[in-house]
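Results of the structural survey
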Amino acid sequence: MAMLRCLASRGSSSTKLIAALGCLASRQKHTLPDLPYDYGALEPHINAEIMQLHHSKHHATYVNNLNVAEEKYKEALAKGDVTAQVSLQPALKFNGGGHINHTIFWTNLSPNGGGEPKGELMEAIKRDFGSFGNFKEKLTAVSVGVQGSGWGWLGFNQEQRRLQVTSCYNQDPLQGTTGLIPLLGIDVWEHAYYLQYKNVRPDYLKAIWNVINWENISARYTACKK
């Protein structure tokens, strides 16, 4: 987030505060991104009702609450109220993570998706997991195994230069909590599937592979290697 990048600027404490306040004052509010396809485009794998509620209600709530939290944080900075700044961190993490995660998620899906990746991404998957089938089984198992709400992820470890599969709870953002660069995220909060698959998360995970956008994930992989 722009606000958090500003807080990381170099210089004295007063200089940092001025820079952060200036960035907060001038930044635009976060907005709900448009989907690159219609709500019904992923049917029969994910139905239109789920997509509409998930995008226009759930994601929108994260965006709205993130803007509110950042406004309160701006006020706390201006007052030098460290206690308020600390108390706002959970809201920033939860709603900021929700916004980041869903913005990635929508582009990871496509009505023309499914199948297997090609090129460098497929080579990397075979190198790090043995085969595409092994990778698919591992990410599915990790996603099924999330207790409560969270995400299954394929990420890129820049230090080790390899792909990794992991999970994050709630709306914890992958890069912010693990350092892995997000390539593919699978939302396993019940709001992502309950209206269609009830409480049978494995059926949802079986279906979602039919709409995975490998072109988007391959582009993310290429970009993070630079």
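Per an unreviewed UniProt entry, the chain carries the name Superoxide dismutase and comes from Pelusios castaneus. Quoted verbatim from the Cofactor (unreviewed entry) heading of the UniProt record, the comment on the chain is "Mn(2+)". Looking at the chain in UniProt, the text filed under Sequence similarities (unreviewed entry) is "Belongs to the iron/manganese superoxide dismutase family."

**Concerning the pattern of salt bridges**
Within this structure, the stated rule accounts for 3 salt bridges. Linking Lys-93 and Asp-172 is a salt bridge whose minimum nitrogen-to-oxygen distance equals 3.9 Å. With Lys-93 in helix α5 (residues 89-108) and Asp-172 in the loop between β2 (162-169) and α8 (174-178), this residue pair connects regions lying 79 residues apart in the sequence. For Lys-225, the salt bridge is made with Glu-120, and the minimal N-O distance between the two is 3.1 Å. Here Lys-225, found in the segment after α11 (214-224), pairs with Glu-120, found in helix α6 (residues 119-129); they are 105 residues apart in sequence, far enough to count as distant. Under the relative-accessibility criterion, Lys-225 is labelled partly exposed at 27%.

**Side note on α6**
Burial in α6 covers these residues: Leu-121, Met-122, Ala-124, Ile-125 and Phe-129. One side of α6 carries all its buried residues, which in axial view fall inside an arc of 160°. Looking at the buried side of α6, the elements it contacts are α7 (132-144), β1 (150-157), β2 and α11. In the segment just after α6, Gly-130 is the residue with positive phi, at about 95°.

**Re the nonpolar core**
In globular proteins that are soluble, nonpolar side chains generally tend to be buried together. Ranked by size, the top nonpolar core spans 49 residues in total, and within it Phe-135, Leu-163, Tyr-204 and Ile-208 carry the most contacts. Per-element tally for this core: the top contributor is α6, with 5 residues. Among residues more than four places away in sequence, those in contact with Tyr-204 are Ile-46, Phe-105, Ile-186, Asp-187, Val-188, Ala-192, Tyr-193 and Tyr-197. Formed by 6 residues, the second largest nonpolar core is a distinct cluster that contains Leu-66, Ala-69, Tyr-73 and Leu-77.

About the cut-offs
- Residues numbered from 1 in each chain as written.
- Predicted model: local features only at pLDDT ≥ 70, side-chain atom pairs only at ≥ 80, totals over all residues.
- Heavy atoms only, no water.
- UniProt positions renumbered as here; feature names shortened; annotations may be inferred.
- Salt bridge = Lys/Arg side-chain N within 4 Å of Asp/Glu carboxyl O.
- Helix = DSSP H or I, 4+ residues; strand = E, 2+ residues; numbered from the N terminus.
- Buried < 20%, exposed > 50% of the residue type's maximum accessible area, 1.4 Å probe, protein only.
- Arc of directions from axis to C-beta.
- Contact = heavy atoms within 4.5 Å.
- Core = buried A, V, L, I, M, F, W, Y, C linked by side-chain atoms within 4.5 Å.

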